[in-house]
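Structural features, examined
Here is what each chain is made of, one letter per residue.
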Amino acid sequence: MISYCIETENLSYKFSESEPVLNNINLQVPQGSIYGFLGPNGAGKTTTLRLLLGLLKKQEGTIKIFCKEFQANRIEVLKNIGSLIESPSIYAHLTAIENLEVLQKIYRCPKSRIQEVLDIVGLSKTGNKKAGQFSLGMKQRLSIAVAILHNPELLILDEPTNGLDPNGIIEMRELLKKLNAGNKTTIIISSHLLAEIEKLVSHIGVINKGKILFQGTLDELRWKQMHNSVIYFDSNDIDKTKEIVLANGIIPLSSNGQLALPLIEKEIIAKLNKQLVEHGVEVYQISTSQKDLESIFIDFINT
Amino acid sequence: MQFIYSFQSEWLKKKRNLASWLVIIGGFFTPAILLIYSLVYHSKLAEASVAPNFWYRLWENSWESMAIFLLPMGVILSTSLITQIEFRNNTWKQLHTLPQNLTTIFFSKLSVIIVMMLQFFLLFNIGVYLAGVVPCLLVKDASYPKAPIPFFIFLRDNMFYFIDCLPIIALQYLISLQFKNFLVPIGCGIALWILSVAVFRWQYGYLIPYTYCGFHFLENIGKLKLSVPIHVLAFGWFVLFTIISYILYITKKEKG
């Protein structure tokens, strides 16, 4: 049985009497996974993450983190969570070390850990420079240092690559992979770009208009991608081609110049081709069109 | 124990903050003016230094502008600046996801402000002492003040002024926690301070929680006779504002 680090049941939320921002969200984040929480802007990602952290008061549903009800075990649960919600949360008038000292006092972790995390995020040489003078990338890295200071079991990151340059995004990705592989840290990371986190995550949840549209492993999404593939038959006689295809029990998807078929096994493709040739149809081209993950994601949010 | 850690954490945050500077500058400002005055008018110092009420007069002069203007304004600014640290840095969300009670956060922040006030009183007292001693040591004809320092009066006054500024701290804290815009607590604070000055002669002026420092000073110099225990009232307002502030804080729907 899969053990879930985060599990929500029918989580719903509305800011006012208007339409709910979240509607029966059943999030399941497996232990040790990197869970990509995808959705366009305004889909409900940040609201979900803020509810998970107790920054918003829960209205309906249940939230379990580390198999414990969040509200009843708030402090115990938060001891093992590191977070970064939207823009960096750092004290601009303090240095990187001082920022971490502020949290070290609360987490009661060893002081040596401050230097360790600064080394990890590459900010160990910032000296007396105040965090307010950091570039956005540096601020984001300091926020990551803040989030991992106490070696949490779970990291909740809301669009952590916002404002980072391509190099910064790669660095962040490698850092998170390292944390997940080395410390078995479960990571939930939200983004509105699939391409950005595709290379990082093991699991994906797609949310739009406050509803979860897909949840599963990246392989399951890839299987869906395969399933959505189309095979095109380009021939000199489209009607005859369609007739032969139908005779084989295959229903074409469309016949707009070329005959589009759903994904079929390669042996059947060969059989169809043979039959077409035998019936005097000239086959110019048989091609496969695969939908990439991004277009599947777009399909999800457009349905 | 968690409270102590939380307090230490909050104490670190005020480093390099304007509120910290205000405490130091505010503590030494009036004594420094008096010190300069004594040096400029040094001819009067020889006579003054042997007067039996030397320390008491210095103490009274030091509190003149402090009690009515500088102390309330300093409290308004410092309290607002301390809570503004979280708003300005967008760190409420970070603070509220730390493993500590909301009650601990609320009271550790308030404690930092109160301890800063104590720090101010300490520096002010040191300043007053230096303002009395330094000119006497520098001016040739003057000698070290003959009169003994009235420790009890100083201590009692310190305590009363401290209690009298507690309602200002609590109300400013309440407002500052509710509004992101720094101008709201500052604006409310200044408006209430102006109101407090305007009602000094009104018989029910003691109902305004920002008046007590001024009332205490006026009572001390014999210009006002109060029929109500203003220090008890001040403490009452402080408790009331703190309770309201606490309830509003913990019941806030959005915590960052």
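This is a predicted model, so every value here is computed, not measured. (Residues numbered from 1 in each chain as written. Chains lettered and ligands numbered in written order. Predicted model: local features only at pLDDT ≥ 70, side-chain atom pairs only at ≥ 80, totals over all residues.)

**Notes on the overall build of chain B**
Test applied: Comment: elements are numbered from the N terminus, with helices defined as DSSP H or I runs of at least four residues and strands as E runs of at least two. Using C-alpha atoms as the atom set, the radius of gyration is obtained and then compared with a globule rule of 2.2 Å times the number of residues to the power 0.38. Burial is judged by counting other C-beta atoms within 10 Å of a residue's own C-beta: 20 or more means buried, 12 or fewer means exposed, and anything between counts as partly exposed, with every C-beta placed from the backbone. Placing C-beta atoms from the backbone, we regard two residues as in contact once those atoms come within 7 Å.
When helices and strands are counted, chain B shows 10 helices and 0 strands. Moving toward the C terminus, one meets the helices and strands of chain B in the order α-α-α-α-α-α-α-α-α-α. For chain B, the C-alpha radius of gyration of 20 Å lies close to 18 Å, the compact-globule estimate for 256 residues. Along the first, second and third principal axes, the C-alpha atoms of chain B reach 65 × 40 × 30 Å. The buried share among the 256 residues of chain B stands at 40%. Taking the intrachain contacts of chain B between residues at least 6 apart in sequence as the baseline, contacts between residues at least 24 apart amount to 83%.

**A few points about the overall build of chain A**
When helices and strands are counted, chain A shows 11 helices and 15 strands. Relative to the globule expectation of 19 Å for 303 residues, the C-alpha radius of gyration of chain A, 25 Å, shows a markedly less compact shape. Taking the principal axes of the C-alpha coordinates as reference, chain A spans close to 80 × 45 × 35 Å. Counting contacts in chain A only where the partners sit at least 6 residues apart, residues at least 24 apart contribute 69% of the total.

**Observations concerning the pairing of strand S10 (residues 203–208) of chain A**
Residues and elements named next belong to chain A. Operational definition: Between any two strands, at least two bridges found by DSSP are needed for them to pair.
Extensive coverage of S10 is indicated by the burial of 6 of its 6 residues. Neither face of S10 is exposed, since His203, Gly205 and Ile207 on one face and Ile204, Val206 and Asn208 on the opposite face are all buried. Inspection of the sheet shows strand S4 (residues 34–38) paired to S10 by 4 bridges, in the parallel sense. Bridge pairing links Leu38 to Val206 in S10. Pairing geometry for S10 and strand S11 (residues 211–217), over 6 bridges, is antiparallel.

**Considerations on the domain arrangement of chain A**
Residue and element names in this part refer to chain A. Filter applied, for reference: The source of the domain bounds is an automatic or database domain assignment. Under the scheme applied, nonpolar residues are Ala, Val, Leu, Ile, Met, Phe, Trp, Tyr, Cys and Pro; charged residues are Asp, Glu, Lys and Arg; polar residues are all the others, including Gly.
Here chain A is partitioned into domain 1 (4–218) and domain 2 (228–302). Taken over C-alpha atoms, the centre of domain 1 sits 44 Å from the centre of domain 2. Of the residues lining the interface, 9 residues belong to domain 1; the matching set on domain 2 comes to 5 residues. Across the side of domain 1 that touches domain 2, the residue classes tally to 7 nonpolar, 1 polar and 1 charged.

**Description of the packing of helix H7 (residues 151–178) of chain B against helix H8 (residues 183–198) of chain B**
Residues and elements named next belong to chain B. Counted only if it meets this: Think of each axis as a best-fit line through the C-alpha atoms, taken over the contacting stretch in the case of a helix, with angles from 0 to 180 degrees between the N-to-C directions. Every angle not falling under 35 degrees, over 145, or within 65 to 115 is termed oblique; those three ranges are roughly parallel, roughly antiparallel and roughly perpendicular. Helix crossings fall into two classes, left-handed where the near helix is turned counterclockwise from the far one by less than a right angle and right-handed where it is turned clockwise.
Interhelical geometry of H7 versus H8 gives an angle of 150 degrees and a closest axis separation of 8 Å. Taken together, the axis directions place H7 and H8 in an arrangement best described as roughly antiparallel. Crossing angle aside, the handedness with which H7 passes H8 is right-handed. Counted together, Gln172, Ile175 and Ser176 of H7 and Val184, Pro185, Cys188 and Gly189 of H8 form the full contact between these two elements. Residues of the contact of H7 with H8, tallied by class, amount to 4 nonpolar, 3 polar and no charged.

**Brief notes about unusual backbone geometry**
Trans is the common state for peptide bonds, and a negative phi is the common state for residues other than glycine. All names here are of chain A. A positive phi angle, close to 50 degrees, is found at Asn24, a residue other than glycine. The topology assignment puts Asn24 in strand S2 (residues 22–25). A count of 15 C-beta atoms within 10 Å places Asn24 in the partly exposed class.

**What to know about the interface of chain B and chain A**
For an interface, size is often stated in terms of accessible area lost upon the parts coming together. Taken together, the 25 residues of chain B in the interface contact 24 residues of chain A. Among the elements of the structure, helix H1 (2–13), helix H4 (54–89) and helix H5 (92–95) of chain B are those that each provide at least two residues to the side of chain B that touches chain A. Here the side of chain B that touches chain A gets 6 residues from one element, more than from any other, and that element is H1 of chain B.

**Quick notes on the environment of Ser9 of chain B**
Within the secondary structure layout, Ser9 of chain B lies in helix H1. Between the alpha carbons of Ser9 of chain B and Ile230 of chain B there is a distance of 35 Å; along the sequence they are 221 residues apart.

**Observations regarding the nonpolar core**
Selection rule: In this usage, the nonpolar core is the set of buried Ala, Val, Leu, Ile, Met, Phe, Trp, Tyr and Cys residues whose C-beta atoms join them within 7 Å.
In terms of nonpolar packing, the biggest core is built from 126 residues, with Ile65, Leu142, Ala145 and Ile156 of chain A together with Cys165 and Ile169 of chain B touching the most fellow members. Apart from the residues within four sequence positions on either side, Cys165 of chain B is in contact with Leu71, Pro72, Val75, Met117 and Cys213 of chain B. Grouped together as the second largest cluster of nonpolar side chains are 9 residues, Phe233, Leu259, Leu261 and Val281 of chain A included.

**Describing the sheet that holds S10 of chain A**
Residues and elements named next belong to chain A. Strand order in the open sheet formed by 6 strands is S7-S8-S9-S4-S10-S11, with mixed pairing between adjacent strands. Either end of the sheet is taken by a strand with one partner, and the two such strands are strand S7 (81–84) and S11. Across the sheet, the mean angle separating the axes of adjacent strands is 15 degrees when strand polarity is ignored. The strands touched by helix H8 (residues 218–227) within the sheet are S10 and S11, with S11 carrying the most contacts at an inclination of about 105 degrees.

**Examining helix H5 (residues 136–148) of chain A**
All names here are of chain A. To keep it simple, the criterion reads: Expected span, for any helix, means 1.5 Å times one less than how many residues it has.
Across its 13 residues, H5 extends 19 Å between first and last C-alpha, which sits within 8% of the 18 Å expected from 1.5 Å per residue. In terms of burial, H5 is a largely internal element, 11 of the 13 residues being buried. Every buried residue of H5 is accounted for by Met138, Lys139, Gln140, Arg141, Leu142, Ser143, Ile144, Ala145, Val146, Ala147 and Ile148. Next to the buried residues of H5 lie S7, helix H3 (96–107), helix H4 (112–121), strand S8 (154–158) and helix H6 (166–183).

**Regarding the environment of Asn101 of chain B**
Residue and element names in this part refer to chain B. The residue Asn101 is located in the loop between H5 and helix H6 (102–138) in this model. Accessibility expressed as a C-beta count within 10 Å gives 15 for Asn101, which makes it partly exposed. In this structure, the C-alpha to C-alpha distance between Asn101 and Phe3, residues 98 residues apart in sequence, is 9.2 Å.

**Brief notes about the packing of H3 of chain A against H1 of chain B**
Their axes nearest at 7 Å, the elements H3 of chain A and H1 of chain B cross at an angle of 165 degrees. One way to sum up the angle between H3 of chain A and H1 of chain B is to call them roughly antiparallel. The two elements H3 of chain A and H1 of chain B meet at a crossing, and its hand is left-handed. For the pair H3 of chain A and H1 of chain B, the contacting residues are Glu98, Glu101, Val102, Lys105 and Ile106 of chain A in the first and Tyr5, Ser6, Gln8, Ser9, Leu12 and Lys13 of chain B in the second. Classifying every residue of the contact of H3 of chain A with H1 of chain B by side-chain character gives 4 nonpolar, 3 polar and 4 charged.

**A short note on the pairing of strand S1 (residues 4–13) of chain A**
All names here are of chain A. The sheet contact formed by S1 and strand S3 (residues 28–30) spans 3 bridges and is antiparallel. Across the sheet, the residue bridging to Glu7 is Gln28, located in S3. Sheet topology places S1 next to S2; 2 bridges connect them, and they run antiparallel. If you follow Tyr13 over to S2, its bridge partner there is Leu22.

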